Amino acid sequence: MEIFRTVAELRRWSRSLRCEEKEDARIGLVPTMGALHQGHSSLIHAARARCAHTVVSIFVNPTQFSPNEDYDRYPRSFESDCMLAQAGGADAIFAPSVEEMYPPGAPVFIEVAGLGDRLDGASRPGHFRGVATIVAKLLIAGEPDLAFFGQKDAAQVSILRRMITDLRLGVELVVCPIVREADGLALSSRNAYLIADERRQARALSRAVRCVEALAAKGERNSAVLIDAARQIFAAEPLIRVDYIALVDWATLEPVEVAAPGTLFAVAAWVGTTRLIDNAILG
Ligand code: AMP
């Protein structure tokens, strides 16, 4: 497995594959911030299944963190990440420095107007601007045919879809299902922050998601009723502070009053000092 540190190295690799190989030898990119877990592995497997070559980027992107957030203490585990990526069948890792991705001088940002201020964007101002910017830079650098993202970050998917469409980047965005612990908690690099009591109460996020899915499956479509049912689950957990509970159109992230098939149910909550998210696309 190759490890690239600069955009030039990554681009050389990707272009040389295109020159050497048949037209259908597709390149897949899996963008991550490292601290890899089975959720990331599932993206690498999906990429392997659809692409001849898979590159995993590992970059803790400073521009998507607010000054008061966990950029400095975000888990970093490059050696074990490389092992996990290799075990999953990745062909290359792209692990640039901050200076490589953000050269000195006037910074350039990508902003998806409107969408970027909804859900996580409302409570984390500038977050999606940072996400859109780094993903655009990665796509331009690696020139993949397909890029793989988790439904775990459902609002991120909407924003990146819109960015790829609007900038006509010509990349296929593939969304992979949420990978969970046995008790339902969605895998996240931030789960490592949770102490025992918080870890126990964190299950409320997936319980709320399952509850709303079940009610919707039984025919309850009123958003206020569904959101209230979720809110009651969190009310029983003293260590949890809800950030948002929302039913939105997955493409526009606009709230809906009546849930329909394809509506996104999403929650974000602080469990102690750790912010976690979960969601489901209603059937
Ligand atoms: P991150 O390293 O947290 O930025 O995540 C990198 C990619 O992995 C994103 O597309 C996430 O949505 C995806 N991802 C993170 N956790 C999970 C999970 N539990 N299941 C599926 N995909 C995930």
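Residues numbered from 1 in each chain as written. Predicted model: local features only at pLDDT ≥ 70, side-chain atom pairs only at ≥ 80, totals over all residues. Heavy atoms only, no water.

Close contacts around the ligand come from 17 residues, with His40, Gly150, Asp153, Val179 and Leu187 the closest. Here Met33 contributes a backbone N or O atom positioned 2.9 Å from an oxygen atom of the ligand. The contact in question runs from a nitrogen atom of the ligand to an N or O atom on the backbone of Val179, over 2.9 Å. Burial of the ligand by the protein chains amounts to 92% of its free accessible area of 490 Å². For the shell around the ligand, the secondary structure elements donating two or more residues are strand E2 (27–32), helix H2 (38–50) and strand E5 (146–150). Considering each element in turn, the shell around the ligand owes the most residues, three residues, to H2. Counted by class, the shell around the ligand contains nine nonpolar, six polar and two charged residues. (Near = heavy atom within 4 Å. Polar contact = N/O pair within 3.5 Å; in protein donor to acceptor, adjacent residues only side chain to side chain. Areas by Shrake-Rupley, 256 points an atom, 1.4 Å probe, with all protein chains shown as cover. Helix = DSSP H or I, 4+ residues; strand = E, 2+ residues; numbered from the N terminus. Nonpolar A, V, L, I, M, F, W, Y, C, P; charged D, E, K, R; others polar.)

Next up on the list: the sheet that holds strand E7 (residues 240–249). With antiparallel pairing, the three strands of this open sheet are ordered in space as E7-E8-E9. The sheet is open, and its two edges are formed by E7 and strand E9 (274–281), each paired on a single side. For this sheet, the mean inter-axis angle between neighbouring strands, taken without regard to orientation, is 15°. Taken together, the nine bridges between E7 and strand E8 (residues 263–271) define a ladder with antiparallel strand orientation. Bridging from a neighbouring strand, Arg241 pairs with Trp270 of E8. (Pairing = 2+ DSSP bridges. Axes fitted to C-alpha atoms, helices over the stretch in contact; angles between N-to-C directions.)

As a further point, take the pairing of E8. Most of E8 is tucked away: eight of the nine residues are buried. In terms of strand pairing, E8 meets E9 through eight bridges, oriented antiparallel. Note that in E9 the partner of Ala269 across the bridge is Leu276. Adjacent in sequence and paired antiparallel, E8 and E9 are bridged by two residues, among which Gly272 carries a positive phi angle near 65°. (Buried < 20%, exposed > 50% of the residue type's maximum accessible area, 1.4 Å probe, protein only.)

Next up on the list: the packing of aromatic side chains. Applying the stated criterion across every chain yields a total of four aromatic pairs. Ring geometry for Phe65 against Tyr71: centres 5.4 Å apart, planes inclined by 70°, an arrangement best described as edge-to-face. Since its relative accessible area comes to 9%, Phe65 is described here as buried. Here the aromatic residues Phe65, Tyr71 and Tyr74 are joined through ring pairs into a cluster of three or more. One Lys or Arg, Arg73, reaches over the ring of Tyr193 and ends 4.1 Å from the middle of that ring. (Phe/Tyr/Trp six-rings, centres within 6.5 Å; stacked < 30°, edge-to-face > 60°. Lys NZ or Arg CZ within 6 Å of the ring centre and 35° of its normal.)

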